[in-house]
Amino acid sequence: MAEFVSLSRAGDASGSGRGVAVLRIARPPMNLFDTQLIREIAEAAAACGADPEIAALVVYGDERVFCAGDDLAELAELPAEQAAAMAADLQTALGCLAAVGQPTVAAISGYALGSGLELALGADRRIIGDNVKLGFPQIDAGLIPLAGIRRLSLLIGPGAAKDLVYSGRFVEADEAARLGLVDEVVAPDDVLGAAIDWARRFIDGPARALAAAKAVFEAGPHGHEQARTEWAQLFDTEDQRIGTRSYLRDGPGSAVFTGR
């Protein structure tokens, strides 16, 4: 049973039965990421990914903090041999949002630092409050981000990524938006609502096609090959048949998809 995360469903007015899941991080007071919390988040995300009734996933901390960084008390006592043995699993867990087939969005208020920001980089969208401080301060503890460097470099370019990782400095909302580190800036009280509103647009969407598109984005340099595979497999789905025929008959936006 999870100790530091909870899952709930946001209200769904579409009548389709599908809805938006909200994964809430709750390790007060600062939601510091230790190995247990990272694994609980990954397990909850995987459960959402396997649930056909979940159309999209929102990850949120609370009004004050998404995650204030890594639990240095745990890392300070971690032997090198144990760190080597667990690195691959923790790296995979921190990238868990990218492995969820449904669209995912990180709703960030307050601090999102270290591993918390690495987790958010795996989301398809990042919505922040204008009160945020984002950063990768691991360098000041003699460490580096375990899972975020490649994603950060692809997102904002290697030069800007190196500046953030090498310096460990914090970025506020305006700079984060300018760099392309985040997608939307709203008032702090509106962060969760804005994320849920974005996620709700997928409730009646073609679930298999959305998952296929996400797989191509995640394939990186092999995306062209992945796209061929995903595209061909969609012809064996009910949604492809519904979508193409509806588009021909009634135009775009008229299909009622089943998710199969």
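These numbers were taken from a predicted model, which means no experiment stands behind them.

About the cut-offs
- Residues numbered from 1 in each chain as written.
- Predicted model: local features only at pLDDT ≥ 70, side-chain atom pairs only at ≥ 80, totals over all residues.
- Heavy atoms only, no water.
- Phe/Tyr/Trp six-rings, centres within 6.5 Å; stacked < 30°, edge-to-face > 60°.
- Buried < 20%, exposed > 50% of the residue type's maximum accessible area, 1.4 Å probe, protein only.
- Lys NZ or Arg CZ within 6 Å of the ring centre and 35° of its normal.
- Patch = residues over 30% accessible without salt bridge, like charges linked within 9 Å, V, L, I, M, F, W, Y side chains within 5 Å.
- Areas by Shrake-Rupley, 256 points an atom, 1.4 Å probe, with all protein chains shown as cover.
- Salt bridge = Lys/Arg side-chain N within 4 Å of Asp/Glu carboxyl O.
- Helix = DSSP H or I, 4+ residues; strand = E, 2+ residues; numbered from the N terminus.
- Contact = heavy atoms within 4.5 Å.
- Polar contact = N/O pair within 3.5 Å; in protein donor to acceptor, adjacent residues only side chain to side chain.
- Expected span 1.5 Å × (residues − 1).
- Arc of directions from axis to C-beta.

Considerations on the packing of aromatic side chains
Scanning the entire structure with this criterion turns up 2 aromatic pairs. Ring centres of Trp198 and Phe202 lie 5.0 Å apart, and the angle between their planes is 70°; this geometry places the pair in the edge-to-face category. Relative accessible area serves as the criterion here: at 11%, Trp198 is assigned to the buried category. The exposure class assigned to Phe202 is buried, which follows from its relative accessible area of 14%. Ring plane angle 70° and centroid distance 4.8 Å describe the contact between Trp231 and Phe235, whose orientation is recorded as edge-to-face. Over the ring of Phe4 we find Arg27, and its NZ or CZ is 5.4 Å from the ring centre.

Notes on a nonpolar patch on the surface
A surface patch of nonpolar side chains, about 240 Å² in accessible area, is lined by Met30, Tyr111 and Phe170. Residue position: Tyr111 is located in strand E6 (residues 111-113). According to the relative accessible area criterion, Tyr111 is partly exposed, its value standing at 31%.

Let's talk about the environment of Asp62
Tracing the sequence through the fold places Asp62 in the loop between strand E3 (54-60) and strand E4 (65-67). On the basis of relative accessible area, Asp62 is assigned to the buried category, the value being 14%. Separated by 16 residues in the primary sequence, Asp62 and Ala46 place their C-alpha atoms 22 Å from one another. Setting aside residues no more than four positions away along its own chain, Asp62 makes contact with Arg24, Asn31 and Ser109. There is a polar contact of 2.7 Å between the side chain of Asp62 and the backbone nitrogen of Arg64. At 2.8 Å, the side chain of Asp62 forms a polar contact with the backbone nitrogen of Val65.

Focus: helix H12 (residues 238-250)
The end-to-end C-alpha distance of H12, which contains 13 residues, comes to 18 Å, matching closely the 18 Å that a straight helix rising 1.5 Å per residue would cover. Listed in full, the buried residues belonging to H12 are Asp239, Gln240, Gly243 and Ser246. Buried positions in H12, seen along its axis, are confined to an arc of 145° and lie on one side of it. In H12, those exposed residues whose orientation departs by more than 90 degrees from the buried face are Arg245, Leu248 and Arg249. Where the residues of H12 are buried, they touch helix H10 (207-218). Looking one or two residues past H12, Gly251 carries a phi angle of roughly 90°, positive in sign.

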